[in-house]
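Given next are the chains, with one letter for each unit.
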Amino acid sequence: MHNANGRALLPLGLFFFLYILTFLLTGDLNRIPVSVAFAITSIAALLSAKGTIATRIRTYCNGASNPTIMQMILIFILAGAFAGSAKATGAADATVNAVLSLLPAGVIPAGMFIAACFISIAMGTSCGTIAALTPIALGLAPQTGVSLPEMLGIVIGGSMFGDNLSFISDTTIVATQTQNVRMTDKFLVNLHIIWPVALLLTLYYLYRGFGLHPSLDPPAAVAWPKILPYILTLVLALSRVNVMIVLLSGVLLTGAIGLFDADFTVWNWATAINNGIVHDMSELIIITLMAGGLFEVVRNNGGIDYLVLKITSRIRSKRKAEASIAALITCTDLCTANNTIALIVVGPIAKQIAQTFHIDPRRTASLLDTLSCAVQGLLPYGAQVLIASALTSNLARPVDVVSHLYYPLLIGLAALLSIVFQYPGKYTSDKKYTSDNDLHAEIEQGMDDYKNNRTITHEEFVKQHASWW
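Residues numbered from 1 in each chain as written. Predicted model: local features only at pLDDT ≥ 70, side-chain atom pairs only at ≥ 80, totals over all residues. Heavy atoms only, no water.

Caption draft 1: Structural view of the nonpolar core. In this structure, Phe38, Phe76, Met112, Met151 and Tyr407 are the most contacted members of the largest nonpolar core, which totals 93 residues. Apart from residues lying up to four places away in sequence, phenylalanine 38 is in contact with Phe15, Ile287, Met290, Ala291, Leu294 and Phe295. One finds Val174, Leu328, Ile359 and Ala415 within the second-largest nonpolar core, a separate group that totals 24 residues. (Core = buried A, V, L, I, M, F, W, Y, C linked by side-chain atoms within 4.5 Å. Buried < 20%, exposed > 50% of the residue type's maximum accessible area, 1.4 Å probe, protein only. Contact = heavy atoms within 4.5 Å.)

Quick look at the structure:
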């Protein structure tokens, strides 16, 4: 924390100031492109950073080439290729017609939310889920009478459900590893907090759907072979195949089916892939690279350390300790626009706070993961909203989509309420030992339980109870 420096946060302040100024002058936040805002802020960060110009640029490039950033870019590229192929071959239109022929319009909003929830749990990534479902949402919106921003809000909300709960999600892995808890334990704590939100929204979307009055004619005949790419991606996702393999498989099958059409050639396929990547994803890729570089400069110059010091300086109770963890992950995610990176930064600090104030590490992991997903899902400059907007060719602007992101907002409120009311109680009680004898008694009891019921290996037992030693 000796590197803490409040001035390092000035570039981020400039980023938000640009949007505030744009809104005051024009009344439209979209008048300044996100890429331009990041370019101006990146220049300001490089000029204000410490060290030689070469050192500053190297730091910026290291942030832009962070493995997490590069993995996201690969997903964006494959998502654009899949969306472009599906659109050109008619796979997206065929899937929309299939959904409309199988489901009444009234259940489609709830159906899209549930589908996004299950697919994101299976894939472990919100971006991959959004890439798979946005083209379908784009076609369903006019058919059902739901606005496109609202339909995208449904898809993004469901995708954040899985991002928060999936066992193969990056956020779950980082949150549990930094707090040294099992994924199952974190999952159970999360479930207590967010299941009421998921149930409430499903009921709302059912209510919302039955009030719709579709304005268009019934769907055309379904070209069933063309929906196979989406079925394949769903099956692979449910089989927990890596998201890149899922999207690549979708691209290949979409093209193969398209080539059976006499009017579709391999050159049309290549053009469709290019259009999907270059036209829909190029700006998003550029923004992601600049964001990674900018936030690394801020971190390297002590901006994140400064936030940590300011937020944790006056902790006096358990609730305040949990609130400080919530504030840390929220501020860091706002600054990095990447919940995985935010968890990597905040996780070790949160663990120290939790140990000091006797907070159950399972609860800490749950709060970190839930709040990071809540904030990430609400950011108009976050990857989730940007990729959804890009896949609609910006027909739905990020700012318009944000107003329909009910699920991320509600799980954030649920997490904060769990801090206020210390819910669920099973994971909030303080366990303190009045003497060494009490501690040794629990160790011996644990050993007896292990010997009498060997449901886990010795190595797993030792790992789970490492804090005893």
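Caption draft 2: Spotlight on the packing of aromatic side chains. Under the criterion given, the structure shown has eight aromatic pairs. Aromatic pair phenylalanine 15 and tyrosine 381: ring centres 5.3 Å apart, planes at 70 degrees, arrangement edge-to-face. Within this pair, whereas phenylalanine 15 is found in helix H1 (residues 10-26), its partner tyrosine 381 is found in the loop between helix H17 (361-378) and helix H18 (383-391), the two being separated by 366 residues in sequence. Each member of the pair, phenylalanine 15 as well as tyrosine 381, carries the same accessibility label: buried. An angle of 55 degrees between the planes, with centres 5.5 Å apart, marks the rings of tyrosine 204 and tyrosine 205 as tilted. What makes tyrosine 204 partly exposed here is its relative accessible area of 32%. These aromatic residues form a ring-pair network of at least three members: Phe113, Phe161, Tyr204, Tyr205, Tyr406 and Tyr407. (Phe/Tyr/Trp six-rings, centres within 6.5 Å; stacked < 30°, edge-to-face > 60°. Helix = DSSP H or I, 4+ residues; strand = E, 2+ residues; numbered from the N terminus.)

Caption draft 3: Expanded view of empty space enclosed by the protein. According to the stated counting rule, one finds one cavity of 30 Å³ or more in the structure shown. The volume enclosed by the largest cavity comes to roughly 40 Å³. Taken together, Leu12, Phe15, Phe16, Phe38, Leu294, Phe295, Leu334 and Tyr381 make up the lining of the largest cavity. Counting residues per element, the ones that place at least two in the lining of the largest cavity are H1 and helix H13 (266-300). For the lining of the largest cavity, the element with the most residues is H1, which contributes three residues. Among the residues forming the lining of the largest cavity, the class breakdown is eight nonpolar, no polar and no charged. (1 Å grid on protein atoms, 1.4 Å probe; cavity = no way out; pocket = protein on both sides within 12 Å on 5 of 7 lines; lining within 4 Å. Points joined across faces, edges and corners; volume = space filled by probe spheres on them. Nonpolar A, V, L, I, M, F, W, Y, C, P; charged D, E, K, R; others polar.)

Caption draft 4: Region of interest: helix H16 (residues 339-356). Taking 1.5 Å as the rise per residue, H16 with 18 residues should run 26 Å; its terminal C-alpha atoms sit 25 Å apart, in good agreement. At valine 346, H16 shows its maximal kink, close to 40 degrees; a proline, proline 348, follows between one and four residues later. (Expected span 1.5 Å × (residues − 1). Bend = angle between axes of the 7 residues up to and from the residue.)

Caption draft 5: Spatial organisation of the side chain of serine 42. Looking at the secondary structure, you find serine 42 in helix H2 (residues 34-48). Among the polar contacts made by the side chain of serine 42, one reaches the main-chain carbonyl oxygen of phenylalanine 38 at a distance of 2.7 Å. If near-sequence neighbours (up to four positions away) are discounted, serine 42 is found in contact with Tyr60, Met290 and Leu294. (Polar contact = N/O pair within 3.5 Å; in protein donor to acceptor, adjacent residues only side chain to side chain.)

Caption draft 6: Spotlight on the pattern of salt bridges. One pass over the structure, following the stated rule, counts seven salt bridges. The residue aspartate 369 makes a salt bridge to lysine 186 at a minimum N-O spacing of 2.6 Å. On the criterion of sequence distance, the pair formed by aspartate 369 in helix H17 and lysine 186 in helix H10 (residues 183-210) is long-range, its members being 183 residues apart. Note on lysine 186: relative accessible area 0%, which makes it buried. With a shortest N-O distance of 2.8 Å, arginine 299 and glutamate 296 are connected by a salt bridge. With arginine 299 and glutamate 296 both in helix H13 and three residues apart, the pair spans about one turn of that helix. Judged by relative accessible area, arginine 299 falls into the partly exposed class, the value being 37%. (Salt bridge = Lys/Arg side-chain N within 4 Å of Asp/Glu carboxyl O.)

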